[in-house]
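One letter stands for each residue in the lines below.
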Amino acid sequence: MLKLDLLALGGLLLTPGPTNILLAFSAVSSGMRRTLPMLGAAVLAYMAITLTVAAIVALIPAGNQIELRTGVRVCAVLWLLWLAYSVWTTKDDGVEIRLVTVRQVFATTLINPKAMIVAMLVQSEGMTAPLLTTIAALVGLAGAAWIVVGLAVRRSGSNLLSQRSLRQASAICLAGFGIILAGSSF
């Protein structure tokens, strides 16, 4: 893969999306210590989806892959809408709660359209250990950048960024990604 392709891939991974929103939101609401394991979950999910797509592409005839993509899209939309609902409806009871879990980040990343794009790109380039390592590093760096953004917001102490308003903004973003995904094709 050319360096330019890796630069473009890094740019894609840095764009806001469901996984990055969850990482930033977790950093704001729960801090670095609770968010760092989620970064590992995101990298692991990217690797899992990349290997899974490679296996599926090898087994399913090209003509039947459209149905598979449609099924994946429906599952992704439903997950994002459910996650948006659950983030929005979390109760504020004065007790510190973990608003985002490692499991949610892992599952969200598995259905993240960017993960599918990365997996397809790897498949088209030919899967090699150095390429997978490079992609894992890019995913980790992009996720870490979003965690830093979340930590900066957390440290700013802005009253405009209460847990409730952050939770609602994150829920709106997640629902928006679900709606956009429902209307798009990949």
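(A) Highlighting empty space enclosed by the protein. Tallied over the full model, the rule gives one cavity of 30 Å³ or more. Taken as a whole, the largest cavity spans an internal volume of roughly 70 Å³. Contributions of two or more residues to the lining of the largest cavity are made by helix 2 (18-30), helix 3 (32-59) and helix 7 (129-156). A per-class count over the lining of the largest cavity returns six nonpolar, four polar and one charged.

(B) View of the side chain of Ser 30. Along the polypeptide, Ser 30 turns up in helix 2. Within the structure, the side chain of Ser 30 is placed 3.5 Å from the side chain of Ser 29, a separation counted as a polar contact.

(C) Up close: helix 5 (residues 102-110). Listing the buried residues of helix 5 in full gives Gln 104, Val 105, Thr 108 and Thr 109. Considered in projection along helix 5, the buried side chains sweep an arc of 125° and stay on one side of the axis.

(D) The arrangement of the packing of helix 3 against helix 7 in detail. One way to put it is that helix 3 packs onto helix 7 with a least axis distance of 9 Å and a crossing angle of 150°. Judged on the interaxial angle alone, helix 7 and helix 3 are roughly antiparallel. The two elements helix 3 and helix 7 cross, and the hand of that crossing is right-handed. Residue-level contacts link Met 32, Thr 35, Leu 39, Ala 42, Val 43, Tyr 46, Met 47, Thr 50 and Leu 51 of helix 3 to Leu 132, Ile 135, Ala 136, Val 139, Gly 140, Gly 143, Ala 144, Ile 147 and Leu 151 of helix 7.

(E) A look at the nonpolar core. Ranked by internal contacts, the top residues of the largest apolar core, which has 20 residues, are Leu 22, Leu 23, Val 87, Val 100, Val 105, Ile 147 and Leu 174. Breaking this core down by element, the ones donating at least two residues are helix 2, helix 3, helix 4 (65-88), helix 7 and helix 8 (163-183). Filtering out sequence-adjacent residues up to four positions away, Leu 22 remains in contact with Leu 83, Val 100, Gln 104, Val 105, Thr 108 and Leu 174. If you look at the next biggest cluster of nonpolar residues, it comprises 18 residues, including Tyr 46, Val 53, Ile 135 and Ala 136.

(F) Representation of the side chain of Asn 20 within the structure. Tracing the sequence through the fold places Asn 20 in helix 2. In contact with Asn 20, other than residues within four places in its own chain, are Leu 13, Leu 14, Thr 15, Lys 114, Ala 142, Gly 143 and Trp 146.

(G) How the structure looks around the packing of helix 2 against helix 7. Two numbers describe how helix 2 lies on helix 7: the axes approach to 7 Å, and their chain directions differ by 35°. Seen along the crossing, helix 2 lies across helix 7 with a hand that is right-handed. Of the residues in helix 7, those touching helix 2 at Asn 20, Leu 23, Ala 24, Ala 27, Val 28, Ser 29 and Ser 30 are Ala 142, Gly 143, Trp 146, Ile 147, Gly 150, Leu 151, Val 153 and Arg 154. Looking at the contact of helix 2 with helix 7 residue by residue, the class counts come to nine nonpolar, five polar and one charged.

What counts, and at which threshold
- Residues numbered from 1 in each chain as written.
- Predicted model: local features only at pLDDT ≥ 70, side-chain atom pairs only at ≥ 80, totals over all residues.
- Heavy atoms only, no water.
- 1 Å grid on protein atoms, 1.4 Å probe; cavity = no way out; pocket = protein on both sides within 12 Å on 5 of 7 lines; lining within 4 Å.
- Points joined across faces, edges and corners; volume = space filled by probe spheres on them.
- Helix = DSSP H or I, 4+ residues; strand = E, 2+ residues; numbered from the N terminus.
- Nonpolar A, V, L, I, M, F, W, Y, C, P; charged D, E, K, R; others polar.
- Polar contact = N/O pair within 3.5 Å; in protein donor to acceptor, adjacent residues only side chain to side chain.
- Buried < 20%, exposed > 50% of the residue type's maximum accessible area, 1.4 Å probe, protein only.
- Arc of directions from axis to C-beta.
- Axes fitted to C-alpha atoms, helices over the stretch in contact; angles between N-to-C directions.
- Parallel < 35°, antiparallel > 145°, perpendicular 65-115°, else oblique.
- Left-handed = near helix turned anticlockwise from the far one by under 90°.
- Contact = heavy atoms within 4.5 Å.
- Core = buried A, V, L, I, M, F, W, Y, C linked by side-chain atoms within 4.5 Å.

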